[in-house]
Amino acid sequence: MNLSKSVGQVQDKPLQIGLIADIQYADKEYGKSRFYRSSIQKLEEAVSYLNQESILFNVVLGDLVDEGPKDLAPILSRLNELNAPHFNLLGNHDYPKEYQNKLFKTFEMDKEYYSLVKEDWKFIFLNSNELSSYAVKKGSKLEKEYTKLKSVLSTEGRQNVQDWNGGIGSKQLRWLEKELNSADKKGLKVIVFSHHPFLPENGLETLNNRVLINLFVKHKAVKAVLSAHHHPGNFEMYKSIPFITLEGMVETKSNAFGYMSLFPDKLIIHGQGRMTTREVSLR
């Protein structure tokens, strides 16, 4: 993936964005309700479907694989068959057991977190794994920040202090606030993408979700937040911001993917398989 390339010349309204969450492919036997090998066939079906739509670009919201990058090649090869560009996020399962520097490059990403502007919309792609047990380098500043955050949350009795959850570091938070301030000044509408959800608080939310939620609410540019991680999907409206958790592809015998149509005053998710179709008004 190259952020410098064009995201297409589609002029049709509304803007349409392909959505794929939690492919979580692995060449191994099924586990309870997770059908790891079947994700290849499901992804091929999704690519074929999305290639028939007028998609501006596609977003893959993390967990492309189940056990780190060793199984990544067949997933990337199929994603690269999409007619429109695709932009990836890392999920907790994408990380190997041993720390790997600049893992994002392995996943064809230019940066760990980034933004993209198209017409009067800004799309922000967060790295919600930044502060986590699986992503920080031992002895690093991020490890110290993660340890401190984990201690505070544990003292508060938060249920999201789990090894599969992550948080957003102070440097990324400063970057995010600058991005939102800029969007406010330019009159841009913002869609935020992350792997870990922020709401509802069910134990799977981003570690410092409340800090992020307060930041989103503060900026009128933020119109919606889309996440993954919680395979059954979810939805919560908080102070006029829809927090949408997309259903995961790996955990269904059918499929789960779709695309989003963006209008000035609403968004529509056109779900396929288990992905929920919904229409949401935007503040």
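Right, let's walk through the structure included here. Computed from a predicted model, the values in this text were never measured in an experiment.

Another point: the packing of aromatic side chains. Centre-to-centre distance and the angle between the planes together describe a pair of aromatic rings. Under the definition given, this model contains 12 aromatic pairs. Pairing tyrosine 30 with phenylalanine 35 gives two aromatic rings, centres 4.9 Å apart and planes at 80°, and the pair type is edge-to-face. A relative accessible area of 49% means that tyrosine 30 is categorised as partly exposed. You can call phenylalanine 35 buried: its relative accessible area is 12%. Consider the rings of phenylalanine 198 and phenylalanine 216, whose centres lie 5.3 Å apart with planes at 85°: the pair is edge-to-face. Of this pair, phenylalanine 198 sits in the loop between β6 (189-193) and α6 (209-218) while phenylalanine 216 sits in helix α6, placing them 18 residues apart in sequence. Taking relative accessible area as the criterion, phenylalanine 216 reaches 0% and is therefore assigned buried. Members of the aromatic cluster, connected to one another through ring pairs, are Phe57, Phe87, Tyr114, Phe123, Phe125 and Phe193. Taking NZ or CZ as reference, lysine 266 lies 5.0 Å from the ring centre of phenylalanine 263, over its face.

Our focus in this paragraph is the pattern of salt bridges. Overall, the coordinates contain 16 salt bridges when judged by the stated rule. The residue aspartate 120 makes a salt bridge to lysine 189 at a minimum N-O spacing of 2.5 Å. Here aspartate 120, found in the loop between β4 (114-118) and β5 (121-125), pairs with lysine 189, found in strand β6; they are 69 residues apart in sequence, far enough to count as distant. Of the residues examined, lysine 189 reaches a relative accessible area of 13% and is grouped as buried. The partner of lysine 266 in a salt bridge is glutamate 279, with the nearest N and O atoms 3.6 Å apart. Note that lysine 266 is positioned in strand β11 (residues 266-273) and glutamate 279 in strand β12 (residues 278-281), a separation of 13 residues in sequence. Lysine 266 gets classed as partly exposed once you look at its relative accessible area, which sits at 24%.

Okay, the layout of surface pockets next. By volume, the largest pocket amounts to about 500 Å³. Around the largest pocket, the lining comprises 25 residues; the ones closest to its centre are Tyr99, Glu112, Glu130, Ala135 and Leu142. Among the secondary structure elements, those contributing two or more residues to the lining of the largest pocket are α3 (103-106), α4 (141-156) and α5 (170-186). For the lining of the largest pocket, the element with the most residues is α4, which contributes three residues. Here the residues of the lining of the largest pocket are counted per class, giving 11 nonpolar, six polar and eight charged. Lining the second largest pocket, in full, are Asp66, Glu67, Gly68, Asn92, His93, Tyr95, Pro96, Lys97, Tyr134, Asp163 and Trp164.

Looking now at the pairing of strand β2 (residues 57-60). Neither face of β2 is left uncovered, since the one carrying Phe57 and Val59 and the one carrying Asn58 and Val60 both have all their residues buried. Here strand β1 (residues 15-20) pairs with β2 via four bridges, running parallel. Paired with isoleucine 20 across the bridge in β2 is valine 60. Read from β1 through helix α1 (residues 39-50) to β2, the crossover connection turns out right-handed. The pairing of β2 with strand β3 (residues 86-88) spans three bridges and is classified as parallel. Along β3, the bridge assignment pairs asparagine 58 with histidine 86. This β-α-β element, β2 to helix α2 (residues 73-79) to β3, shows right-handed connectivity.

Read across the open sheet, the six strands follow the order β3-β2-β1-β10-β11-β12; overall the sheet is mixed. Taken across any chain shown, the strands that pair with only one partner, and hence form the sheet edges, are β3 and β12. Here the strands of the sheet are splayed against their neighbours by 20° on average, with no regard to which way each runs. Judged from the five bridges that link them, β1 and strand β10 (residues 256-262) form a sheet pairing that is antiparallel. If you follow glycine 18 over to β10, its bridge partner there is tyrosine 259. Along the sheet face, α1 touches β1, β2, β10 and β11 and points at about 25° away from the line of β10.

Now for the pairing of strand β8 (residues 234-238). Direction of pairing for β8 relative to strand β9 (residues 241-245): antiparallel, over a ladder of five bridges. The residue bridging glutamate 236 from the neighbouring strand is phenylalanine 243, located in β9. Counting the residues in the hairpin turn of β8 and β9 gives two residues, including lysine 239, whose phi is positive at 50°.

Cut-off values and rules
- Residues numbered from 1 in each chain as written.
- Predicted model: local features only at pLDDT ≥ 70, side-chain atom pairs only at ≥ 80, totals over all residues.
- Heavy atoms only, no water.
- Phe/Tyr/Trp six-rings, centres within 6.5 Å; stacked < 30°, edge-to-face > 60°.
- Buried < 20%, exposed > 50% of the residue type's maximum accessible area, 1.4 Å probe, protein only.
- Helix = DSSP H or I, 4+ residues; strand = E, 2+ residues; numbered from the N terminus.
- Lys NZ or Arg CZ within 6 Å of the ring centre and 35° of its normal.
- Salt bridge = Lys/Arg side-chain N within 4 Å of Asp/Glu carboxyl O.
- 1 Å grid on protein atoms, 1.4 Å probe; cavity = no way out; pocket = protein on both sides within 12 Å on 5 of 7 lines; lining within 4 Å.
- Points joined across faces, edges and corners; volume = space filled by probe spheres on them.
- Nonpolar A, V, L, I, M, F, W, Y, C, P; charged D, E, K, R; others polar.
- Pairing = 2+ DSSP bridges.
- Right-handed = clockwise from strand over helix to strand, strands pointing away.
- Axes fitted to C-alpha atoms, helices over the stretch in contact; angles between N-to-C directions.
- Contact = heavy atoms within 4.5 Å.

Just distances and angles here, no functional claims.
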